Structure formats: C-alpha cells, structure tokens
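A closer look at the structure
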Amino acid sequence: MMQRPAAYIQQQAMFVNKEPNFMIKTWKIIKSILYFILFIFSTGYFLTCLIYAGIAVSWLFIWPMLAIFCLVRFIMLRREIKGRTKWRFPLFFHVVYRICFITALCIFVYVESLVIGGMHTEPDPDMPYIIVLGAGLRGSAPTRPLLLRMQMAAEYLEANPDTIAVASGGQGAGEDMSEAQCIYEYLTDKGIDPARIILEDQSKSTEENIKNSFALIPQDASEVGILSNGFHIYRAARIAEKQGHDNVCGIPSRTLMPMGLHYMVREFFAIIRLEVFG
C-alpha cells in the first residue's frame, strides 16, 4: 500500500485544526451583527416610545438597558474576532452565562406565547356580566388603551343587549375623575342604558379591579367577561383564576402599535411577578 508523504499529512492536519477556528469566528461574526441590529432597534424603539407616549410610560427603561447590553456584547465580540482581548472569562462563567441566557430566552418565548394567545381570544356571546378594566386618564381624557377598551365594551354591549357591565377603575394622580366614571360616561354617550352599568371606582390595580368587581357580581353568574387590551387579557384572566374565579372569558380590544410591542414585553415581567409572588 502506497504511503502518503509526510508533508501531505501535516497539511491535512493543519486544515482540520483550522476548520473549527473558522466556524467559531464565523459564528462570532454572526452574533456580533445580530447584537448590533438589536442595539439599533432597541435604541430607535425607545426614542419612538418617548416621542409617541412620553417618559411617564412604565418600564420604558427596558429598552435603553437592552441597547446597552447589546452594545457591550457587540464590542466584546468584535474585540475577540480581531484578537484584541487581553484576558478571557473562565470556562465556568461562559457555561453559566449560556445556561442562564438560554433558560431566560425560553421562558420569555413561552410567556409571550401566552400573551399572544390572550390577544386572539374569541369572546363568548351573551355573557351575563363583563368587567371593563380601566387604563388611566390624562385629566378627563382617556388614554389610548382605555379608549380602545371602551370602544370594544360599547360594541359588545350593543351586540349583547342582556349583558351588564361593571366599569372598574379608581381615580389616580393627574386624573379629574375615576376611570369607572369615564367608562360610564362614554358608554352612556354611545346609547348604552345606564341601568346596565355598575360603577366600581375604588380600584388602584388590576388585582383590585377584579376583586372589587366580582364583589358586585352575583356569585351564581354563569360566566363573566374580562375586557381589556389584548396584551393584558392573559394576565387579567390569570389573576381572576388565582382569586378563585374559573368562569371567566377574555374580551380583547385592539393593541395598537408602536406602543403595543412595549406593552407585550412589559407583560412578561408582570406575569413573572404574578406567578412568583402571587
């Protein structure tokens, strides 16, 4: 059998050793591009939210934090690609980081799938009671999320004339009236009989909305609809379930962009808090 020259064997060995390094470098380049794109997106989206809704929107800091994280990772990867890294994290750190990152990503995707599922809930017709959750006022003017909820409430009540609505929501800072009163006035202006609207004007949170509203609904009610923006439906229904109500059905109103994306991401943290701390 003819033996291959030593030079040929050495050349093949060098090629085999270089191939894994090439693949690792390529993967780092791909990751650096993805991190840079995410940095640009999160920065641009943060500025869009500021222009569209102002700095008072809760949890808006998520986006600059994400932008900073992506920028740091982009710089680190570029330095590694160019061979400028003077020191490396221990292997143990890399393993723990990747396990935590992948676990968090999987949890995020799962929770967001629940949020999206709630957004596509088909409400049952002819429910005897529905709870219309408040969503903030600016003076006496409803915020856009609340306006969308009230529009959906009017549509449902018009289509189901035997349904009674509980308008739920207290009066917060910067509000000239309670959210419940705002909902009441909107629905009556749309021709809904005032006798079909019950006011619950003491709540300061979704948990209180649901607890106080159910206290006004007969315990033998066959089904109760919870009306909110689509991104909020899953958590609202989950809160009702935790309070012992298993006869609820979501009624999702529209989720408008660009703020809808922020609200959906914000729901992830709210749902985690709900499940962990109750």
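Here the structure is a predicted model, which means the values were calculated and not measured.

**Regarding the side chain of Glu112**
- In this fold, Glu112 is placed in helix α3 (residues 91-119).
- Setting aside chain neighbours within four positions, we find Glu112 in contact with Met264, Val265 and Phe268.

**Some details on the side chain of Lys31**
- When you line up the elements, Lys31 lands in helix α1 (residues 6-53).
- For the buried residue Lys31, which engages in no salt bridge, the nearest side chain bearing the opposite charge is Glu80, 6.6 Å off.
- Setting aside its immediate chain neighbours within four residues, Lys31 contacts Arg73 and Leu77.

**Re the pattern of salt bridges**
- Going through the model one piece at a time under the given rule, you end up with 6 salt bridges.
- We note a salt bridge from Lys28 to Glu80, for which the minimum N-O separation is 3.0 Å. Taken together, the residues Lys28 in helix α1 and Glu80 in helix α2 (residues 62-81) connect sequence positions 52 residues apart.
- We classify Glu80 as partly exposed; its relative accessible area is 22%.
- The closest approach of N and O atoms between Glu207 and Arg273, which form a salt bridge, is 3.8 Å. Remark: Arg273 occurs in helix α8 (residues 259-277) and Glu207 occurs in helix α6 (residues 206-214); sequence separation between them is 66 residues.

**What about the packing of aromatic side chains?**
- Within the structure shown, the criterion is met by 12 aromatic pairs.
- Here the aromatic rings of Phe36 and Phe74 are separated by 5.1 Å at their centres, their planes lie at 40°, and the arrangement is tilted. You can see Phe36 sitting in helix α1 and its partner Phe74 sitting in helix α2, a full 38 residues away along the chain.

**Points about the confidence of the model for the protein**
- With 92% of its residues at a pLDDT of at least 70, the protein reaches an overall mean of 91.
- Low pLDDT, under 50, characterises residues 12-17; the stretch is placed with 0 contacts to residues that sit more than four places away or in other chains.

**Quick look at the environment of His94**
- Note that His94 resides in helix α3.
- A C-alpha to C-alpha distance of 39 Å links His94 and Ala237, two positions 143 residues apart in sequence.

**Concerning a nonpolar patch on the surface**
- A cluster of nonpolar side chains, Trp27, Ile29, Ile30, Ile33, Leu34 and Ile37, forms an exposed patch at the surface whose accessible area comes to about 560 Å².
- Tracing the chain through its elements places Leu34 in helix α1.

**What about the state of the cysteines?**
- Per the stated rule, a full pass over the model turns up 0 disulfides.
- You can see Cys106 has no disulfide; the closest cysteine sulfur is in Cys100, sitting 12 Å from it.

**A word on the sheet that holds strand β6 (residues 224-229)**
- Ordered by their spatial adjacency, 5 strands build an open sheet running β5-β4-β1-β6-β7, and the pairing between neighbours is parallel. Bordering the open sheet on either side are β5 (197-200) and β7 (248-253), each of which pairs with just one other strand. In this sheet, neighbouring strand axes are inclined to one another by 25° on average, regardless of whether the strands run parallel or antiparallel.
- Relative to β6, strand β1 (residues 129-133) runs parallel, the two sharing 4 bridges. Across the sheet, Val132 pairs through a bridge with Leu227, a residue of β6.
- Relative to the sheet, helix α5 (residues 179-189) contacts β1, β4 (164-168) and β5, its axis offset from that of β5 by approximately 165°.

Analysis parameters
- The numbers attached to residues start from 1 for each chain and follow its sequence in the written order.
- Residues qualify for local features only when their pLDDT is at least 70, as the model is predicted, and side-chain atom pairs are given and counted only at 80 or more; totals for whole chains, interfaces and linings, by contrast, use all residues.
- Hydrogens are left out, water is left out, and the side-chain values use all remaining heavy atoms of the structure.
- What counts as a helix is a DSSP run of H or I of at least four residues, what counts as a strand is a run of E of at least two, and both are numbered from the N terminus.
- Residues count as neighbours in contact if any of their non-hydrogen atoms are within 4.5 Å of one another.
- Partly exposed residues are those whose accessible area sits between 20% and 50% of the maximum for their type, while under 20% is buried and over 50% is exposed, using a 1.4 Å probe and protein chains only.
- Lys and Arg are tallied as positive, Asp and Glu as negative. Neither His nor the chain termini are counted.
- For this analysis, a salt bridge means a side-chain nitrogen from Lys or Arg found within 4 Å of a carboxyl oxygen belonging to Asp or Glu.
- Stacked, tilted and edge-to-face are the three classes applied to pairs of Phe, Tyr and Trp rings, where Trp contributes its six-membered ring and a pair requires centres within 6.5 Å; stacked means planes under 30 degrees apart, edge-to-face means over 60, and tilted covers the rest.
- The predictor's confidence in any single residue is recorded as pLDDT, a number from 0 to 100.
- Here, patches come from residues exposed beyond 30% relative accessible area and free of salt bridges, joined within 9 Å for like charges and within 5 Å for nonpolar side chains (Val, Leu, Ile, Met, Phe, Trp, Tyr).
- Each accessible area value is a Shrake-Rupley result obtained with a 1.4 Å probe; residue values ignore everything except the protein chains displayed when judging cover.
- A pair of sulfur atoms, both from cysteines and within 2.5 Å, is called a disulfide here.
- Any two strands between which DSSP finds at least two bridges are classified as paired.
- Note on definitions: angles span 0 to 180 degrees between N-to-C directions of axes, and those axes are lines fitted to C-alpha atoms, for helices only across the stretch in contact.

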